[in-house]
Amino acid sequence: KQTSKDSDIVDVEWNDIIDFLHKYPNIKRVGILGKKAYKDFIKKYPDIKTELPYIEVESLPSTSGSNGAQWGGKPIDRSRTGWIKYKEFIGSKCK
């Protein structure tokens, strides 16, 4: 990786997420940060939905600094899209 941009990531080293999810069957949801990461994840694990049908895999907004419009500025604006998506994903009542 030459810069902090996610798009510059090369030679990805994958963890064995399938084995991990089998070991921890209480995990029901997996959030993937960023569209590219989600696309790569689905490409790497195309059978995850058949192998682990109880797992929900969802693409979440990237937390990358280049995706700042999703997150608002300072002070934190939790009405922005990124915060809303995370709030919905974790099911909390963030205020």
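For clarity, every value in this text was computed on a predicted model and none was experimentally measured. (Residues numbered from 1 in each chain as written. Predicted model: local features only at pLDDT ≥ 70, side-chain atom pairs only at ≥ 80, totals over all residues. Heavy atoms only, no water.)

Enquirer: Explain the overall build of the chain to me, please; I cannot follow it from the model alone.
Expert: In terms of helices and strands, the chain carries four helices and two strands. Element order for the chain, N to C, with α for helix and β for strand: α-β-α-α-β-α. By sequence separation, contacts in the chain at least 24 residues apart represent 59% of the contacts at least 6 residues apart. As presented, the chain carries roughly 7,300 Å² of accessible surface, and 53% of it is formed by carbon and sulfur atoms. (Helix = DSSP H or I, 4+ residues; strand = E, 2+ residues; numbered from the N terminus. Contact = heavy atoms within 4.5 Å. Areas by Shrake-Rupley, 256 points an atom, 1.4 Å probe, with all protein chains shown as cover.)

Enquirer: Hey, could you run me through the pairing of strand E1 (residues 29-33) in this one?
Expert: Side-chain positions along a regular strand alternate between the two faces of the sheet. Burial along E1 is one-sided: Val 30 and Ile 32 are buried, while Arg 29, Gly 31 and Leu 33, pointing the other way, are not. Pairing analysis gives five bridges linking E1 to strand E2 (residues 56-60), with the strands arranged parallel. Paired with Gly 31 across the two strands is Glu 58, which belongs to E2. (Buried < 20%, exposed > 50% of the residue type's maximum accessible area, 1.4 Å probe, protein only. Pairing = 2+ DSSP bridges.)

Enquirer: I tried to follow a nonpolar patch on the surface on my own but got confused; where do I start?
Expert: A cluster of nonpolar residues, Ile 9, Val 12 and Trp 14, forms a patch on the protein surface that exposes about 250 Å² of accessible area. Overall, Ile 9 belongs to the partly exposed group, its relative accessible area being 36%. (Patch = residues over 30% accessible without salt bridge, like charges linked within 9 Å, V, L, I, M, F, W, Y side chains within 5 Å. Salt bridge = Lys/Arg side-chain N within 4 Å of Asp/Glu carboxyl O.)

Enquirer: Looking at this structure, how should I read helix H4 (residues 81-90)?
Expert: Each α-helix turn comprises 3.6 residues. Residues three or four places apart therefore point the same way. Those residues of H4 that sit buried are Gly 82, Tyr 86 and Phe 89. All buried residues of H4 fall inside an arc of 60° around its axis, so they share one side. The elements touched by buried residues of H4 are E1 and E2. One or two residues past the end of H4 sits Gly 91, with phi positive at roughly 70°. (Arc of directions from axis to C-beta.)

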